[in-house]
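Chains, contacts and geometry: an overview
Now for the letters of each chain:
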Amino acid sequence: MSESFPRLHARTRRFTLGVPRAFTVAPDGARIVFLRTKGGCDPVTCLWEFDVASGTERLIADPRVIAADEENLPPEERARRERARESAGGIVAYSTDAAVTTAAFALSGGLYVVDLRTRSVRHLRTPGPVIDPRLSPTGVHVGYVTGGAFHVQDLEDEVDHALARPEAPEVTYGLAEFIAAEEMDRMRGYWWSPSGEAVLVERADDSPVEKWHIADPANPARPATEQRYPAAGTPNAKVELFVLSLAGGRVPVPFTDEYLVNAAWDDHGLSIVTMTRDQRTMRLFDVDPETGTSSLVREDTDAAWVDVVTGVPGHLSDGSLVWVTNLDGGRRLVVGDQPVTPASLQVRDVAGVSGDTVLFRASGEPSEIALWAYKDGRITLVSPQDSGVYSGQAAGGTLVVTGQTLDGEGPVTRVSHHGRHVGHITSHAERHGLDLRVSLIRTGERELSTAVIFPSGHVPGSARLPVLMDPYGGPHAQRVLSASGAYLTSQWFADQGFAVVVADGRGTPGRGPEFEREILHDLATPVLDDQVDALHGAAERFPDDLDLSRVGIRGWSFGGYLAALAVLRRPDVFHAAIAGAPVTDWRLYDTCYTERYLGQPAEGHYDASSLFADAEKLERPLLLIHGLADDNVVAAHTLRLSSALLAAGRPHNVLPLSGVTHMTPQEVVAENLLLLQVDFLNKALS
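Residues numbered from 1 in each chain as written. Predicted model: local features only at pLDDT ≥ 70, side-chain atom pairs only at ≥ 80, totals over all residues. Heavy atoms only, no water.

**Re the pairing of strand S44 (residues 653-657)**
Along any regular strand the residues' side chains alternate between the sheet's two faces. In the sheet, strand S43 (residues 622-627) pairs with S44 via five bridges, with the strands oriented parallel. Note that in S44 the partner of Leu-623 across the bridge is Asn-653. (Pairing = 2+ DSSP bridges. Helix = DSSP H or I, 4+ residues; strand = E, 2+ residues; numbered from the N terminus.)

Okay, here's the thing in C-alpha cells:
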C-alpha cells in the first residue's frame, strides 16, 4: 500500500467514496438509478443507471462534464449536508418521477434535470441558488427552495412560479428545520401529491429560537456566523403545514403537537405524524387536503419516550397501514392493526413499501441487521444468511441488497430479479489493506455486545497490551456491528500496539426498548458502568493479553463526552482520555435529543449528567479536541470545560480546529488527528 492508513482513511472519506448508494428501482424492475463516485479517492459523485436484463451500468450525469462549480454552494445546502453527514461532493442527492424516466438534482446551486432514457441534461434557470429539488410524480413539474421561498417550475415551458414566499428573514418554506434534520432523520420539507397538482409544504419560523454566534478566532477579520440554535429547554422553531395547489390555493393543515415527525402522500391519501414536546406521545393523522382537517388514526404513548422510526407511515395496495411500534418488549412491524413480526426481532426501519410488500431491516442479534420482506401475512429473510449489516430497495420484482460482513473487504451490492441473481453493482472503494483481528463477544452481567481488536501480528498470550476503549456509547447509535467497516480505525489503533475494546452499553439499539430506556434521566452512570463492565469482561476473556494498568479511552461527540466522563469519574480504571467534540453540559445541546432522555432542565436531571462539577476530580491526562466551526456540538462545550479545569488547577490539553465542523472532513486534519491521538496515548500510557 503506497499510502499510510491515516492518509488513505482521510482521502477516501473513511472508505465511503466509490461505494454505490441511494438506489431507486424503476416500477417495472428493469432499471436501477444510483449514486457513486468514479473512484475510491474521487470526491465527485455521479448519477448512474444499472440495466437489470444485461447487468450493465451506464453513466447518466457527470458533474465534471456539466462543469458546475462544486465549491459555490449556498449556505442552506452546506447546512443540509452537515445534517446528513454528507462528506462527498457532486450530485449528492437526486429525485425521480414515479416512472423513473426523469431525474432532478442540484449542482452548485443550479437546477438540473436529466432524461434517463437519452441522458440529455438540462440546466434550468432559477431566480436564486436551488435547494432540494424534487420532481412531481408525473414528471411534469419540479419543486425546489430558493431564498426561503418554495418554487415550482414547469419542465415543458420552464415557467417558474413561487407558490410561497417567506414573510420574514427567519421564515422558510419547503425546508426541514434544524431539529427535524439533526434529530429525526427528516431531511425534507415538502411532499408532492400523487397527481402532481398540489404540494404539502412546511413553513418554519426560526424567530422564537435563540441566536447563537459561531466565530473563527483564527480569522478575526471575519464576522461571526449567526445561528439559531434550539438549546434544551428553550423555544423550537414554529412549524406549520400548508397544502399549496399549483393553481394558487393555500390550505392550512393545523396541528397542536410540538414536532412534525414525518408526512406521506400516496394513493391512499395524505398523512402526517406529530410528536409532543415531552416525546411521550406520537400521533398519526389522515388529512383532507381540500380542507386541511385531520382525523386521528392512531396514538402511541410511552412513559419514557416514543421512538422515531424512518420509513413510516406507508400503505399496502389495499390501503392497510404500515407502522412500527413497541409492543410486548420488542419493536415490531404493524400492518393494519396487527403486529406481523415477533417481539424478538427488533425492527430498525422500513426501507420501502411496494404494492403488497414491505421491505424492512431488523435485528435478532444486536450486532446484525438483516433485510426482511413482509407479504401476505408472512415475513421472509431476503438478505444473505451470512451475519452482517444489510440494506436494500425493491420494485417490480427487482431487489437490490447492499451488505457488509465482518470477513468481507467492504460493502457488496447484489441485484436479483424475481429471486434470480442477475449481477452486482460495482464498488470502486479503495481497499483498506488492514488485517482485521476482530472478536465479537458478550461481556459483563448484561452480556454487552463487545468487540476486541488485537494487532494483526499479535500472538495470543504473548504480551499484555495497553488497552484502548473506543466507544460511541450513546443512545440510538451502535459501534459493535458484524461489518468490517465498523472497525477500520480501531484496527489501525490496534496495529499501533493496543488491544482495542469497543462496547455497546445500555441505551444502544438492537436489544429492545427496555434496554434502550435504562438511560432515562441519567446519561452518565449506566453508560459509564457498562464500559467498565465490558473492559473487565474482555480482560477475563483475554487475561494474558490486556493490561488493565494502562487503559485509555477515545471518542467523538457522545463518545467524546463518555471519554471525558471516564477519566473524571473513574480514574481508577481509565488512565488517559481523548475527548473529541464532547458534549460537556447538556443544557448546551439541542432540545429534541436532550429532552428525550433528560426532560426539561427544570426537572433536575442535567447536573448529574454534565461534566463541570467533576472538573476538580481530574488526575489523568485528558486531550480535548473541538472544531471551532461546529454548529451541532458547539465549541463552547470544550472551552467551558477547559475553563472549569483551569479554575480547579487541573492540567489538560486542548486542540482547537479552526474552520472544522462536527464532521472533520478536511483531509489533512482527518489524517493528522489520528496520528496526534496515537502520540498522545503513547505518552500518556507509557
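**Structural notes on helix H5 (residues 488-495)**
Of all eight residues making up H5, seven are buried, and the element is well covered by its neighbours. Taken residue by residue, H5 has Leu-488, Thr-489, Ser-490, Gln-491, Trp-492, Phe-493 and Ala-494 as its buried positions. (Buried < 20%, exposed > 50% of the residue type's maximum accessible area, 1.4 Å probe, protein only.)

**Brief notes about the packing of aromatic side chains**
Under the counting rule described, the total for this entry stands at 19 aromatic pairs. Here Phe-558 and Tyr-561 contribute two aromatic rings whose centre-to-centre distance is 5.2 Å and whose plane-to-plane angle is 65 degrees, an arrangement assigned as edge-to-face. With Phe-558 and Tyr-561 both in helix H8 (residues 558-569) and three residues apart, the pair spans about one turn of that helix. The residues Phe-558 and Tyr-561 share a single accessibility class, namely buried. (Phe/Tyr/Trp six-rings, centres within 6.5 Å; stacked < 30°, edge-to-face > 60°.)

**A short note on the nonpolar core**
Residues Leu-333, Phe-360, Leu-546, Phe-574, Trp-586 and Leu-622 are the most contacted members of the largest nonpolar core, which totals 89 residues. Residue contributions to this core peak at nine residues, all from H8. In this structure, Phe-574 is in contact with Met-469, Leu-528, Gln-531, Val-532, Val-551, Ile-553, Ala-566, Val-567 and Arg-620, ignoring residues within four places of it in sequence. Grouped together as the second largest cluster of nonpolar side chains are 29 residues, Leu-468, Ala-494, Ile-578 and Leu-685 included. (Core = buried A, V, L, I, M, F, W, Y, C linked by side-chain atoms within 4.5 Å. Contact = heavy atoms within 4.5 Å.)

**Details of the pattern of salt bridges**
Taken as a whole, this structure holds 46 salt bridges when the rule is applied. Note that Arg-31 and Glu-49 form a salt bridge whose closest N and O atoms lie 3.0 Å from each other. One end of the pair, Arg-31, is in strand S2 (residues 31-37); the other, Glu-49, is in strand S3 (residues 44-51), with 18 residues separating them in the sequence. Overall, the relative accessible area of 17% leaves Arg-31 in the buried class. As a salt-bridge pair, Glu-49 and Arg-58 come within 3.1 Å of each other at their nearest N and O atoms. By relative accessible area, Glu-49 is classed as buried at 5%. Residue classification places Arg-58 among the partly exposed residues on the basis of a relative accessible area of 25%. Through salt bridges with shared partners, one network takes in Glu-445, Arg-446, Arg-506, Glu-518, Asp-530 and Asp-533. (Salt bridge = Lys/Arg side-chain N within 4 Å of Asp/Glu carboxyl O.)

**A look at the packing of helix H7 (residues 525-541) against H8**
Contact pair H7 / H8: the axes reach a minimum separation of 10 Å and the direction vectors enclose 75 degrees. Judged on the interaxial angle alone, H8 and H7 are roughly perpendicular. Here Val-527, Leu-528 and Gln-531 of H7 lie close against H8, whose contacting residues are Phe-558, Leu-562, Leu-565, Ala-566 and Arg-569. Split into classes, the residues belonging to the contact of H7 with H8 amount to six nonpolar, one polar and one charged. (Axes fitted to C-alpha atoms, helices over the stretch in contact; angles between N-to-C directions. Parallel < 35°, antiparallel > 145°, perpendicular 65-115°, else oblique. Nonpolar A, V, L, I, M, F, W, Y, C, P; charged D, E, K, R; others polar.)

**A closer look at the sheet that holds strand S6 (residues 95-96)**
If you trace the four strands from one edge of the open sheet to the other, you get S6-S7-S8-S9, paired in antiparallel fashion. Either end of the sheet is taken by a strand with one partner, and the two such strands are S6 and strand S9 (121-124). Where S6 meets strand S7 (residues 102-107), two bridges bridge the pair, whose relative direction is antiparallel. Of the residues in S7, the one forming a bridge with Thr-96 is Ala-103.

**A short note on the pairing of strand S24 (residues 294-301)**
Two elements, strand S23 (residues 281-287) and S24, share seven bridges in a ladder whose sense is antiparallel. When the bridges of S24 are listed, Arg-283 appears paired with Glu-299. Joining the antiparallel neighbours S23 and S24 is a turn of six residues, in which Gly-292 adopts a positive phi near 85 degrees.

**A look at helix H10 (residues 636-647)**
In a regular helix each residue adds 1.5 Å, so twelve residues correspond to 16 Å; H10 covers 16 Å between its end C-alpha atoms and thus fits that length. Looking only at H10, the buried set comprises His-637, Thr-638, Leu-641, Ser-642 and Leu-645. Each buried residue of H10 lies within a common arc of 125 degrees when the element is viewed along its axis, so the set occupies one face. The exposed residues of H10 that point more than 90 degrees off its buried face are Leu-646 and Ala-647. On the buried face of H10, the contacting elements are H8, S43 and S44. Positive phi shows up at Gly-649, right after H10, with a value of about 75 degrees. (Expected span 1.5 Å × (residues − 1). Arc of directions from axis to C-beta.)

**Examining empty space enclosed by the protein**
Enumeration over the complete set of coordinates arrives at two cavities of 30 Å³ or more. As a volume, the largest cavity reaches approximately 100 Å³. Mapped onto the lining of the largest cavity, the elements with two or more residues apiece are helix H4 (178-183) and strand S21 (259-266). Reported here for the second largest cavity is a volume of approximately 30 Å³. Around the second largest cavity sit Arg-331, Gln-346, Val-347, Arg-348, Gly-510, Arg-511, Gly-512 and Glu-516, which together line it. (1 Å grid on protein atoms, 1.4 Å probe; cavity = no way out; pocket = protein on both sides within 12 Å on 5 of 7 lines; lining within 4 Å. Points joined across faces, edges and corners; volume = space filled by probe spheres on them.)

**Focus: the sheet that holds strand S36 (residues 420-425)**
The four strands lie next to each other as S33-S34-S35-S36, forming an open sheet whose pairing is antiparallel. Here the strands that pair on one side only, and so sit at the sheet edges, are strand S33 (389-395) and S36. This sheet shows a mean twist of 20 degrees between the axes of neighbouring strands, independent of strand direction. Sheet analysis places strand S35 (residues 412-417) next to S36, joined by five bridges and oriented antiparallel. Paired with His-417 across the strands is Arg-420, a residue of S36.

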